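Structural overview
Each chain is listed here by its residues.
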Amino acid sequence: MDYYLKEKEEVLKEQGTTEQGLTPAEARARLEKYGPNKLAERKRKSLLAKFFGEMANPMVLVLIAAALISGVVGEIADMIIILMVVTLNAVLGVIQEGKAEKAIEALQKMTSPYCKVRRGGHVLSVKSEEIVPGDLVLLEAGAAVPADLRLIKAASLKVEEASLTGESVPVEKDSRVMTLQPGGREVPLGDRHNMAYMGTNVVYGRGEGVVVRTGMATEMGKIANLLAETKAEKTPLQRKLAALSRVLSIGVLAISVFIFAFGVWENGGLHGGHVLEMFLTAVSLAVAAIPEGLVAVVTIVLSIGVTQMAKRKAIIRRITAVETLGSTQVICSDKTGTLTQNKMTVVATYGPEEPLAEAMALCNDATEEGGEIIGEPTENALVRYALTRGLVKAELEKAQPRVAEAPFDSERKMMSTVHQRKDGSYVQYTKGALDELLPRCTRMLTPEGVVTLTPEREAEIRAENKRMAGKALRVLAAARREWTQLPAEITPDLLEEDLIFIGLTGMIDPVRPEVKAAIEKCRQAGITPVMITGDHQETAVAIAQDLAMISGADEVITGVELTALSDAELEEKVTKYRVYARVQPEHKVRIVNAWKRRGQIVAMTGDGVNDAPALKAADIGVGMGITGTDVSKNVSDMVLADDNFATIVAAVEEGRRIYDNILKAIQFLLSSNLSEVVALFVATLMNFRLFSPIHILWINLVTDSLPAIALGMEKAEPDLMRRRPRKTDEGVFAHGLGAGVLYQGVAIAGLTLIAYFFGSRITHRTGMTMAFLTLSLCEIFHSLNMRSRSKSLFRLKTHNKYLFGAMAASFILTIPLLYVPGLNDLFQLTPLSTGNLLTALGLALTIIPLVELVKFQGRLVKKRKGMA
């Protein structure tokens, strides 16, 4: 129902109430009918359900199967190690869940616990959850609006709606009926001056309204529904690893079955001890093909990244969001409090400064408490302006105490205060809209004194007002009047005439100083910044032009125009617009989804309740830690601890570095797994057993995982923030990663097999030991190659102390497996002579010049193509 389009008498009749309010009995009956005035709570998944949800991954299921098979055939150590890895990964995943529930709880906290209502002609204080449709709610400064109201009375009422609509200035409210906009379009939420909405706050004046919607039917309830309906999507890396795990799982099963069948067939059928031997070989191959450490390594690298980003004031709530930042292509940002300071500031003046500042500070209801200015944002700005001129409001009031006033009202659009001077005379200050105040002025204050307000001077004042308004400034005028004695009647009609015009102040919520440079850096990184705000079009355009976000008005669209577009039309035109003004919460989600349907990875920044659904819908939601509501922070993937837009750029850079390092770790781990698969496959075809499952597990979880984690600590490469964002359809194996895995895996397998043949001349166990040691050392040395996937190891100007430490740890942990009695029996290895040890070491070192040679060839090819 469009209650703002109906006369208040009609709304009262529809709600079955009067200006005396509902009777207590009727209120109880309606509470029974409509239910409590609170937001619905979603049913939560149990911890067990979340845990098993993490297990529903093809790669994890294959690992569990491999663990069970290992247990059945007596390889208990293998089974325990695999299950520990799987369980740890699931526990880490469960910890990251449950943000939507917290968001709903935070929405509930924003509603006032008690409010004043009129029932049966008496004013009562009742719990907000007991409010029902038809109740008459009394509003006053400082009160939170408990439900959606159609106002029936308003006296100088102003409501702060920034958290719901994005409007940075409190909205003046009245009870007058409204009409539809031209073309039959509905009035945007932020322009409905006769409505007050749940979760907003009264900052000035008083009013009374009839409740028209409660609970989930309110505008706040719609947001709660949007939060519940918006699905949290997987990040690009999660999707790619899921696809990789499916391919690996199918490949593992196929190869393992083939190897088992081939071995059984070659040995004459299903009889004899060779069946168990081939079964173990097939399990070894399955374990070799699946990178057990991959999920854990990626999680650990992301966790380390979370710590690094926290040091840069970016608090990560969901660790996989780290890599999403690195691939972000569009940042949809709320204006108020994100691009701007959410603090109205005087940025332009006209007239003598000191008298102007004095008038604006005294004709003002803001107060100073403990060094903090408390009041309506516009009035706070005027008090701060006076402070910049050396005028303290408390001292001014002490010298000229207020003795009378004509409060502000929305009809005459001004207020006046009368102050007594020490000599017994009185001075009146009036401030308000120029169009209302200037006609009441007959004279004007200039540096030379008071002069007659001539038509030429009036034209000059109006031109200055137009110039300020053209910059989207909120302009207020000030005037004064001298009295020898206190006026006999304190009424606007008596006070506000024959005034002396003093000057004008122009205010705006200014941009954050660091934002312009941050947006330019985003552009250099190939990221498109977009402003989405509930504020007026003129204000949004002024801010966007100041930030160089737009070049013309054709890049701006309003919420009303957006409503007229279908989803298909918006998807087609979304790249055209850089500024969205006067939007509602549903619009923000539509904009985010339109970009996503075009294949873009979208980040959404914001701090208000109105941002929450879009924050959740975006690939990564960025909340504000200081000015942000609990709702926006709880659904965000990342929270900026300093509310600094520039921190996003630092987070993007960190996200790119981490993703780049994860790709290095993936290439490193998969080349290792491929080398194991190739070596085992060749050994099976040649009818000898190269490795046991425990050998493969040791290499995958110790020798490989430690250097892989250390690769995640590698510093950013110099050109990182000059690269274009990654495409959403770009696979893990893009840009030569797949080819690198292939040739490196085959090369390492070749060196491993050479080591086996060299050692097997002595005994089979010596051959297995040399193969195990060569493969382990090869992986340790190969981690150095992976510090850069294209640049020469010997040209890198940075050092990775973590990698050198991981290499040393892997070596120290591996050598005892050969030489410690009992341990070598458990691992089916044997001590090597010095000659054999050095041979294995030499073969392993060969991987470095091999990879350097291929990198050099790759750089030559790029140079020829002009890509260097």
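The rules behind each value
- Residues numbered from 1 in each chain as written.
- Predicted model: local features only at pLDDT ≥ 70, side-chain atom pairs only at ≥ 80, totals over all residues.
- Heavy atoms only, no water.
- 1 Å grid on protein atoms, 1.4 Å probe; cavity = no way out; pocket = protein on both sides within 12 Å on 5 of 7 lines; lining within 4 Å.
- Points joined across faces, edges and corners; volume = space filled by probe spheres on them.
- Nonpolar A, V, L, I, M, F, W, Y, C, P; charged D, E, K, R; others polar.
- Helix = DSSP H or I, 4+ residues; strand = E, 2+ residues; numbered from the N terminus.
- Buried < 20%, exposed > 50% of the residue type's maximum accessible area, 1.4 Å probe, protein only.
- Pairing = 2+ DSSP bridges.
- Contact = heavy atoms within 4.5 Å.
- Axes fitted to C-alpha atoms, helices over the stretch in contact; angles between N-to-C directions.
- Parallel < 35°, antiparallel > 145°, perpendicular 65-115°, else oblique.
- Left-handed = near helix turned anticlockwise from the far one by under 90°.
- Phe/Tyr/Trp six-rings, centres within 6.5 Å; stacked < 30°, edge-to-face > 60°.
- Lys NZ or Arg CZ within 6 Å of the ring centre and 35° of its normal.
- Salt bridge = Lys/Arg side-chain N within 4 Å of Asp/Glu carboxyl O.

Turning to empty space enclosed by the protein, a few remarks are in order. This structure, assessed with the given rule, holds 4 cavities of 30 Å³ or more. Within this model, the second largest cavity holds a volume of roughly 50 Å³. Forming the boundary of the second largest cavity are T165, P188, L189, G190, G534, R582, V583 and Q584. Grouping the amino acids of the lining of the second largest cavity by side-chain chemistry returns 3 nonpolar, 4 polar and 1 charged.

So, on to unusual backbone geometry. One non-glycine residue with positive phi stands out, namely K413, at about 55°. In this fold, K413 is placed in the loop between β13 (402-409) and β14 (414-420). With a phi angle near 55°, R582 is a residue other than glycine that sits in the positive phi range. Structurally, the position occupied by R582 is in the loop between β22 (579-581) and α24 (585-597).

Each regular strand shows side chains that alternate between the opposite faces of the sheet. Among the 10 residues in strand β18 (residues 474-483), 8 count as buried, and that is most of the element. Pairing between strand β15 (residues 426-432) and β18: 7 bridges, direction antiparallel. Residue pairing across strands places Y429 opposite R480, the latter belonging to β18. With 7 bridges joining them, β18 and strand β19 (residues 499-508) adopt antiparallel strand pairing. Directly across from L476, in β19, lies its bridge partner T505.

Bringing the environment of M713 into the picture now. You can see M713 is positioned in the loop between α29 (705-711) and α30 (737-760). Placed 56 residues apart in sequence, M713 and R657 show a C-alpha to C-alpha distance of 9.1 Å. Look past the residues within four positions of M713 in its chain and what remains in contact with it is I304, Q308, R657, N661, N800 and Y802.

The next thing to look at is the packing of helix α28 (residues 693-703) against helix α31 (residues 764-785). Direction vectors running N to C along α28 and α31 enclose 20°, while the axes themselves pass 11 Å from each other. When the axis of α28 is compared with that of α31, the two are roughly parallel. Considering the relative orientation of α28 and α31, their crossing is right-handed. Counted together, H695, W698, I699 and T703 of α28 and M768, F772, L775, S776, E779 and I780 of α31 form the full contact between these two elements. Residue composition of the contact of α28 with α31, by class: 6 nonpolar, 3 polar and 1 charged.

Judged from the 3 bridges that link them, strand β16 (residues 441-446) and β19 form a sheet pairing that is parallel. Bridging across to β19, C441 finds its partner in L499. Examined bridge by bridge, β16 and strand β17 (residues 449-452) share 4 bridges and lie antiparallel to one another. Pairing of T446 across the sheet is with G449, part of β17. The hairpin formed by β16 and β17 contains 2 residues between the paired strands.

Let's shift gears to the packing of aromatic side chains. For the structure on display, the rule yields 5 aromatic pairs. Arranged with centres 4.3 Å apart and planes meeting at 0°, the rings of F688 and Y756 form a pair that is stacked. Of the two residues, F688 is situated in the loop between α27 (645-685) and α28 and Y756 in helix α30; the sequence distance between them amounts to 68 residues. Here F688 matches Y756 in class, with each residue buried. Geometrically, the ring pair formed by F688 and F757 is edge-to-face, given 5.8 Å between the ring centres and 70° between the ring planes. On the criterion of sequence distance, the pair formed by F688 in the loop between α27 and α28 and F757 in helix α30 is long-range, its members being 69 residues apart. Residue classification places F688 among the buried residues on the basis of a relative accessible area of 15%. Through pairs of rings, three or more aromatic residues link up here, namely F688, Y756 and F757. Over the aromatic face of Y204 sits the side chain of K158, whose NZ or CZ is 5.5 Å from the ring centroid. Directly above the ring of F408 sits K158, whose terminal nitrogen or CZ lies 4.8 Å from the centroid.

Pairing of side chains with opposite charge becomes possible as their charged atoms draw close. A complete count under the given rule lists 39 salt bridges for this structure. As a salt-bridge pair, D409 and R412 come within 2.9 Å of each other at their nearest N and O atoms. Two residues, R765 and D825, come together in a salt bridge whose shortest N-O distance is 3.4 Å. With R765 in helix α31 and D825 in helix α34 (residues 823-826), this pair connects stretches of sequence that are 60 residues apart.

Pairing within the open sheet is mixed, and its 8 strands lie in the order β8-β25-β24-β23-β9-β20-β22-β21. Lying at the two open borders of the sheet, with one neighbouring strand each, are β8 (314-316) and β21 (556-558). In this sheet, neighbouring strand axes are inclined to one another by 20° on average, regardless of whether the strands run parallel or antiparallel. Along the sheet, helix α21 (residues 537-546) contacts β20 (528-532), β21 and β22; its crossing angle with β22, the most-contacted strand, is approximately 155°.

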